[in-house]
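Inside the fold
Chain residues, written in single-letter form:
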Amino acid sequence: MIHPVARNRQRRKRSHVIVPSSTFLAATMTTQDLSKIPARGAGVEEIWSFLRCGVNVIMNDLEGGMSTNHIVLYTNMHTTVYNYCTSTRRRSNSVHNRTGANLVGSELYNKLSEYFVAYFHPITEQAAALQDEELLQFYSARWDYYTRCAKYLNNIFTYLNRDWVTRERDEGRKNVLPVYTLALVQWRNEFFMHVQGPQKKLTNALLRLVEQQRNGEVIDQVLIKKVVYSFVSLGIDRNDLNKECLDVYKEHFEEPFIQATELYYKKESENFLAVNSISDYLQKAEQRLREEEDRVERYLHTNTLKELVSKCEQIINREHSESTRQLFQKYLDCNQDDGLQCMHTLLSHIPKCLDSVRETFQAHVKDAGLSAIDSLVSQGDGGTTNTDSLDLKSYVDALLAVHRKKLEMVTRLFKSDAGFIASLDKACGEFINKNGAPGSSSLAGSPELIAKYVDGLLRRNNKKAEDGDVEAALSRAILLFKYLKDKDIFQAFYTTGLAKRLIHGLTASDEAEAFMISKLKEVCGFEYTNKLQRMLSDVSLSKDFTDSFRERMERNHGSINISFSVMVLGTSVWPLKPPTHDYIIPQEILPTYNLFFKYYKDKHFGRKLTWLWNYSKNELRTNYLNQRYMLMTSSYQMAILLQYNRNDTLSLDELVSATSIPKHILTHVLALLTKAKVLVSSEGGQIDLNLSFKSKKVRINLNQPIKADTDASDKIVLKAVDEDRKFLAQATIVRIMKARKTIKSQALIQEVISQTSLRFNPKISDIKKAIDMLIEREYIERAEEGTDTFAYVAC
């Protein structure tokens, strides 16, 4: 059996707790006296006299732990409090009056509170004579002993807490606290605040120990942790006792600690940089940050970490960000991979500094992209800036080369850091979307050029795909497409190119076309590629329709004299406009035209056919020469040449009358035919058929595009995009207003930008014009005259 008295005697020899003066010990009773419990129903004074002596023993004689006598005392005190609370409750219930119970409970509570106040007088005097680490050791020892004793008292007064304190708090008297919490409040008010004093002795002692550790000295970290966490325990939220309250900790430790940290590292950084390089400083800063994080983990509250690290980063970034940025720029300019990799590793724990070098990297990538474009333009025509001779493949390859090189740098040197990838994306977006890019017909820029590059890849017999791998080249083009802000311009030019490839049979393969559309769909969704997919469907259906027409003609009319194929295209899908002038169909093809027109009407009642003669093409075989040639022509060229089946010479006016082609168009068409020497100009303005025409080629392509028509077509595309943007902005506004009913002007503008940003970046001025237009058309109205709130007008 273990003898508790001997055990306690051994513990006292090892303890460093300073026993307070004998003021309280003189008031103790003998063990025999403390075994006599006051009678049930005894008065408050008699009960408190007994309890005070017991409290005195617990608060001053438990250094060695609980002995058998202490356990007996503990039990008797607990029973006394229980008798007091239960007898008081019965008495109060018998007279239906709670005032007596409240009064007696309050008296016992107040006497215990006064005891704590008197208890701190001698130990406060002892603490006043101590300084620095001795003070912290004394404070820590007394705190451990005091809180242990306070927990014993809290258990002894359980029935007071449960019967009276709980009722008082439920009735709104939040200044009434459980016994243990009361003990902490009295420690804070009567001891802690006096020891701290105006000089904040405890705080300064803690900060001196922390500084010693920062200087490389070994300190007692357990001691600091005990004292610091006592500050945490002293923060009490009277409205919610279970809620952690850090008011005392923040006021008496965290705020002074952060201030001391700022002063320490500011001074250290100045002294260190006076004799070391910025690179060495960054290594030192990373080491210091790890030390501070470890310090918080070892003996500070976790809430301090964010503020502490932020302050350290602020010191590094504010004082030396420019030096850091300059060093990073130097490494970029000199391609010093080791230096860049080292700096990223060092700054990975300093977000604000890392943000600064990310901005530097972004500017570097942007400059590299713009420089590559400028270099390409200057090499276009003997060093001059002639954009007409710019090769689209060279342009796209230049953009891809910059992206590939910088992405490889991010992956290898910066460990695929998400922030650097974002900076790379922003920079690529800036130089790729630079308006007025070389070689574009207008301010369309890269969207137009990339669309035309893709058009070249998808054309038959193209030489632009590397090693014949069209899909790989298209995938690289899609990489640039993702950075485009004005995706609607790309869509317009791509749709126009697709239409020309399909109607002229210039597509490299159906698989390549489908692959490109699937890639666009992955980036922009179904709506973006819906019309493109329907265009491919129209071509497929047209082939089947032409085959069925031929079978019908052969069955009913025998074989027709000419080879005929037709494409029936949806008006709402294809970007094709019919001619605005009349066109007299040549007699040679008129019967076939009439047969097909009737066949289509029988098949699709109610539909209207509009013939696109300006996009049609023909093949004519010569019969007037010794050598037969096959002439590939446009419909306009065919109409002119077929007139010479009945005439050898015609004037310009006669051709206009025979074909109904406007004179300005006819002039351009004749220029191509005379240039090819199929027709020749004679005296008197007559145009004759060249009866001595000769060519080395049997198949002669006369259907060459006119540059003026190509430029005009590009302008028409951009004009259509501009009109579509206006309608899209108006439709978006109406959709938003219909859902929101009323909305502020600024919120409406931001919502429109958000919803249209996937297709293009609208200008605020254009959005405001769209709003004004809708107000005029009475779709929306101003909610109040002179305000910036709009309301939806229901139809």
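Shown above is the structure to which this text applies.
Quick caveat: nothing in here was measured; it's all calculated off a predicted structure. (Residues numbered from 1 in each chain as written. Predicted model: local features only at pLDDT ≥ 70, side-chain atom pairs only at ≥ 80, totals over all residues. Heavy atoms only, no water.)

Some words on the nonpolar core
Convention followed: Put simply, buried Ala, Val, Leu, Ile, Met, Phe, Trp, Tyr and Cys residues joined by side-chain atoms within 4.5 Å make one nonpolar core. With a 1.4 Å probe rolled over the protein chains alone, any residue whose accessible area is under 20% of its type maximum counts as buried; one over 50% counts as exposed, and the rest are partly exposed. A contact between two residues is defined here by any heavy atoms of the two lying within 4.5 Å.
Ranked by internal contacts, the top residues of the largest apolar core, which has 83 residues, are Phe 116, Phe 157 and Phe 231. Among all residues touching Phe 157, those that are not within four sequence positions of it are Leu 51, Val 55, Val 81, Leu 108, Leu 112 and Val 179. Leu 376, Met 409, Leu 458 and Leu 484 belong to the second largest nonpolar core, which has 78 residues in total.

A word on the pairing of strand β1 (residues 617–621)
Stated formally: Secondary structure is summarised from DSSP: a helix means a run of H or I of at least four residues, a strand means a run of E of at least two, and numbering begins at the N terminus for each. Note on pairing: DSSP must find at least two bridges between two strands before they are called paired.
Of the two faces of β1, the one holding Asn 618 and Leu 620 is buried and the one holding Lys 617, Glu 619 and Arg 621 is not buried anywhere. Looking at chain direction, β1 and strand β2 (residues 630–634) are connected through five bridges and run antiparallel. When the bridges of β2 are listed, Asn 618 appears paired with Thr 633.

Some words on the pattern of salt bridges
Heads up, the condition is: Should a side-chain nitrogen of Lys or Arg be within 4 Å of a carboxyl oxygen of Asp or Glu, the pair is scored as a salt bridge.
Inspection of every chain in the model, using the stated rule, returns 32 salt bridges. With a shortest N-O distance of 2.8 Å, Glu 291 and Arg 288 are connected by a salt bridge. Residue Glu 291 and its partner Arg 288 are both found in helix α12 (residues 278–299); the two are separated by three residues, about one turn of the helix. For Glu 291, a relative accessible area of 26% gives the class partly exposed. Its salt-bridge partner being Lys 744, residue Asp 788 comes within 3.6 Å of it at the nearest N-O pair. You can see Asp 788 sitting in the loop between β8 (780–782) and β9 (789–792) and its partner Lys 744 sitting in strand β7 (residues 742–744), a full 44 residues away along the chain. When its relative accessible area of 39% is taken as the criterion, Asp 788 is described as partly exposed. Among the ionic contacts, a cluster of salt bridges with common partners joins Asp 455, Arg 459, Arg 501 and Glu 513.

Focus: the sheet that holds strand β4 (residues 679–681)
Operational definition: Orientation is described by lines fitted to C-alpha atoms, with helices fitted over the stretch in contact, and by angles between N-to-C directions that extend from 0 to 180 degrees.
The strand order across the open sheet built from three strands is β3-β5-β4, with neighbouring strands paired in antiparallel fashion. Two strands in the sheet have a free side with no partner beyond their single neighbour: β3 (649–651) and β4. Sheet twist, expressed as the average angle between the axes of neighbouring strands with direction ignored, equals 30°. In terms of strand pairing, β4 meets strand β5 (residues 686–689) through three bridges, oriented antiparallel.

Topic: the environment of Ser 572
Counting through the fold element by element, Ser 572 comes out in the loop between α22 (526–557) and α23 (590–603). The exposed category is assigned to Ser 572, whose relative accessible area is 52%. The spatial distance from the C-alpha of Ser 572 to the C-alpha of Lys 531 is 8.5 Å, given a sequence separation of 41 residues. In this view, Ser 572 contacts Lys 531 and Arg 534; residues no more than four positions away in its chain are not counted.

Here's the deal with the packing of aromatic side chains
Our working definition: What counts as a ring pair is set by centres within 6.5 Å for rings of Phe, Tyr and Trp (its six-membered ring), and what kind of pair is set by the plane angle: stacked under 30 degrees, edge-to-face over 60, tilted for all other angles. Counting as a charge over the ring demands two things of the Lys NZ or Arg CZ atom: a distance within 6 Å of the ring centre and an angle within 35 degrees of the ring normal.
Following the criterion strictly, the structure yields 45 aromatic pairs and no others. The interplanar angle of 15° and the centroid separation of 6.0 Å between the aromatic rings of Phe 120 and Phe 191 together place this pair among those described as stacked. Residue Phe 120 is found in helix α5 (residues 99–128), and its partner Phe 191 is found in helix α8 (residues 179–196); the two are separated by 71 residues along the sequence. Residue Phe 120 shares its accessibility class with Phe 191, and that shared class is buried. Ring centres of Tyr 264 and Tyr 265 lie 5.2 Å apart, and the angle between their planes is 85°; on these two criteria the pair is classed as edge-to-face. Since its relative accessible area comes to 14%, Tyr 264 is described here as buried. Linked through ring pairs, Phe 545, Phe 549, Phe 564, Tyr 583, Tyr 593, Phe 596, Phe 597, Tyr 599, Tyr 600, Trp 611, Trp 613 and Tyr 636 together constitute an aromatic cluster. The ring of Tyr 229 carries Lys 225 above its face, with NZ or CZ at 6.0 Å from the centroid. A cation over an aromatic ring shows up here: Lys 487 above the ring of Phe 481, its NZ or CZ 5.5 Å from the ring centre.

Let's talk about the sheet that holds β8
The three strands are arranged β7-β9-β8 in an open sheet whose pairing can be described as antiparallel. Both edges of this open sheet fall to β7 and β8, since each of them pairs with a single strand only. Across the sheet, the mean angle from the axis of one strand to that of its neighbour is 30°, orientation sign disregarded. The sheet strands contacting helix α29 (residues 764–776) are β8 and β9, and the helix crosses β8 at an angle near 100°.

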